[in-house]
Amino acid sequence: MTLTRNAADRTKRVVSSSGRERPVSETRIAVRTSELDSFGHVNHAIYLNYFEHARFEALKQAGFPWGTLEERGWAIFVVRIEVDYVAETHREDELLIRTWADSFRRTSMVLEQEMLRDDDSGEVVARARVTAVWIGSDRRPMRVPPDVQRGLSEGTT
Amino acid sequence: MTDYDRLTDLLVRRSVRIGDFTLASGAKSDYYIDARLTTMSAEGQLLIGQVAYGAIMDSDLHPTHVGGLTLGADPISYAIAHRSALEGTPIDAFTVRKRAKEHGTGQRIEGGLPKGARALMIEDTMTTGRSTLSAVEAVREHGADVVGVLTVVDRSDGAAEVFARMGIPLLHLFTGKQLVDAARASG
């Protein structure tokens, strides 16, 4: 992967691996002082929390808030994450995380995410690719709920 | 930027040439695509694996194996197999020789393709689909089912109709026109 510090585009739709247009969910995060490490920048582990938060926001925007998961006794287990760390972030930085669905299988989905500076530079600071499995109330993999797939594929508007 | 966008850029940068060319079929074309400059590159291996795997997962084909005619299909099939193992849903790869080996076991298919396997045929660039058909026959003679064909670039010169008549779905990651347009746009 080339780690160019290119400015991300900010289109609301992207093209997934299968050539389908997919909606992009956007979440904004401001860095908190407690998230800095001894090197004076946001620790890499914190990025995982940011990305996770943005994924739940994406589900909410797709019409599937966390409360719905809880009501139905469902869970989403991350089974794989790949992250490219591209640039440092610091105290008071404001970040924009873009999340979209790349592909779906019967019980899992691959989401792609990119984190960029929420300013005119739009500099990409990290990218993630996350595979997550849907888990039913019996704690076994379940079919990706059709309404989730629809929400993440077509958007809710 | 998605993996798909990055793969588009890589193909435009490495594989697409605009000009006057004569294709293997004898037809003239105002562009040429040397997919191997992308599929054999390091970044191409990563991106082809991710994008083709995603396209397969988003389809209803559920292949157990991927492969095609050596050598164009090979780097693509192996990249998909690699990615599928990383994602925890292995899809094994195979290679179809242009002709059966004249020594040893004399086989035409390498890599272990079990009878009854659900084979997805792979191509790098497809024009008429004729060369893929010979690989399809070899796989069927071997006793596996052909569930579809996936080509990185579909030059849209009759292949879709050929496979549609045979009831074989054809997936493409890109059309030739799409790449030419992207190449012209990038200057």
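Residues numbered from 1 in each chain as written. Chains lettered and ligands numbered in written order. Predicted model: local features only at pLDDT ≥ 70, side-chain atom pairs only at ≥ 80, totals over all residues.

Draft legend 1. Structural context of the overall build of chain A. The helix and strand inventory of chain A stands at three helices and seven strands. Element order for chain A, N to C, with α for helix and β for strand: β-β-β-α-α-β-β-β-β-α. Scaling as 2.2 N^0.38, a compact globule of 157 residues should have a C-alpha radius of gyration of about 15 Å, and chain A matches this with 16 Å. Expressed along its principal axes, the backbone C-alpha trace of chain A runs to roughly 45 × 35 × 30 Å. Put simply, of all contacts in chain A between residues at least 6 apart along the chain, 68% involve residues at least 24 apart. (Helix = DSSP H or I, 4+ residues; strand = E, 2+ residues; numbered from the N terminus. Rg over C-alpha atoms; globule rule 2.2 N^0.38 Å. Contact = placed C-beta atoms within 7 Å.)

Draft legend 2. Spatial organisation of the packing of helix α1 (residues 3-14) of chain B against helix α3 (residues 42-57) of chain B. Residues and elements named next belong to chain B. Between α1 and α3, the least distance of the axes is 9 Å, while the angle of their chain directions is 135°. Between α1 and α3, the interaxial angle falls into the category oblique. Where α1 crosses over α3, the two elements pack in a sense that is left-handed. On α3, the residues touching D3, Y4, R6, L7 and L10 of α1 are E43, G44, L47, I48, Q50 and V51. Residues of the contact of α1 with α3, tallied by class, amount to six nonpolar, two polar and three charged. (Axes fitted to C-alpha atoms, helices over the stretch in contact; angles between N-to-C directions. Parallel < 35°, antiparallel > 145°, perpendicular 65-115°, else oblique. Left-handed = near helix turned anticlockwise from the far one by under 90°. Nonpolar A, V, L, I, M, F, W, Y, C, P; charged D, E, K, R; others polar.)

Draft legend 3. Seen up close, the interface of chain A and chain B. Counting residues at the interface gives 18 residues for chain A and 18 residues for chain B. At the level of elements, β1 (13-15), β4 (75-85), β5 (94-104) and β6 (108-117) of chain A are the ones that each hand at least two residues to the side of chain A that touches chain B. Take the side of chain A that touches chain B: its biggest share by element is three residues, from β5 of chain A. Each residue belonging to the side of chain A that touches chain B can be placed in one class, and the counts come to seven nonpolar, seven polar and four charged.

Draft legend 4. Quick look at the nonpolar core. All names here are of chain B. If you look at the biggest cluster of nonpolar residues, it comprises 51 residues, and the most contacted ones within it are A52, I80, M121 and V139. With eight residues, α3 is the largest single contributor of residues to this core. The residues touching V139, leaving out its near neighbours within four places in the chain, are V96, I109, L113, A119, M121, A144 and V146. (Core = buried A, V, L, I, M, F, W, Y, C linked by C-beta atoms within 7 Å. Buried ≥ 20, exposed ≤ 12 C-beta atoms within 10 Å, placed from the backbone.)

Draft legend 5. Highlighting the sheet that holds strand β5 (residues 109-110) of chain B. All names here are of chain B. Strand order in the open sheet made by the six strands is β5-β4-β3-β6-β7-β8, with mixed pairing throughout. Two strands lie at the open edges of the sheet, namely β5 and β8 (170-175), each paired on one side alone. Across the sheet, helix α5 (residues 130-141) lies against β3 (65-69), β4 (92-96), β5, β6 (118-126) and β7 (145-154), angled at about 165° from β6, the strand it touches most. (Pairing = 2+ DSSP bridges.)

Draft legend 6. Local environment of the packing of α1 of chain B against helix α7 (residues 176-185) of chain B. All names here are of chain B. Packing of α1 against α7 leaves a shortest axis separation of 9 Å and a crossing angle of 75°. The angle between the axes of α1 and α7 places the two elements in the roughly perpendicular class. When α1 is examined against α7, the residues T8, L11 and V12 are found in contact with a partner set consisting of L179, A182 and A183. Taken together, the residues that form the contact of α1 with α7 break down as five nonpolar, one polar and no charged.

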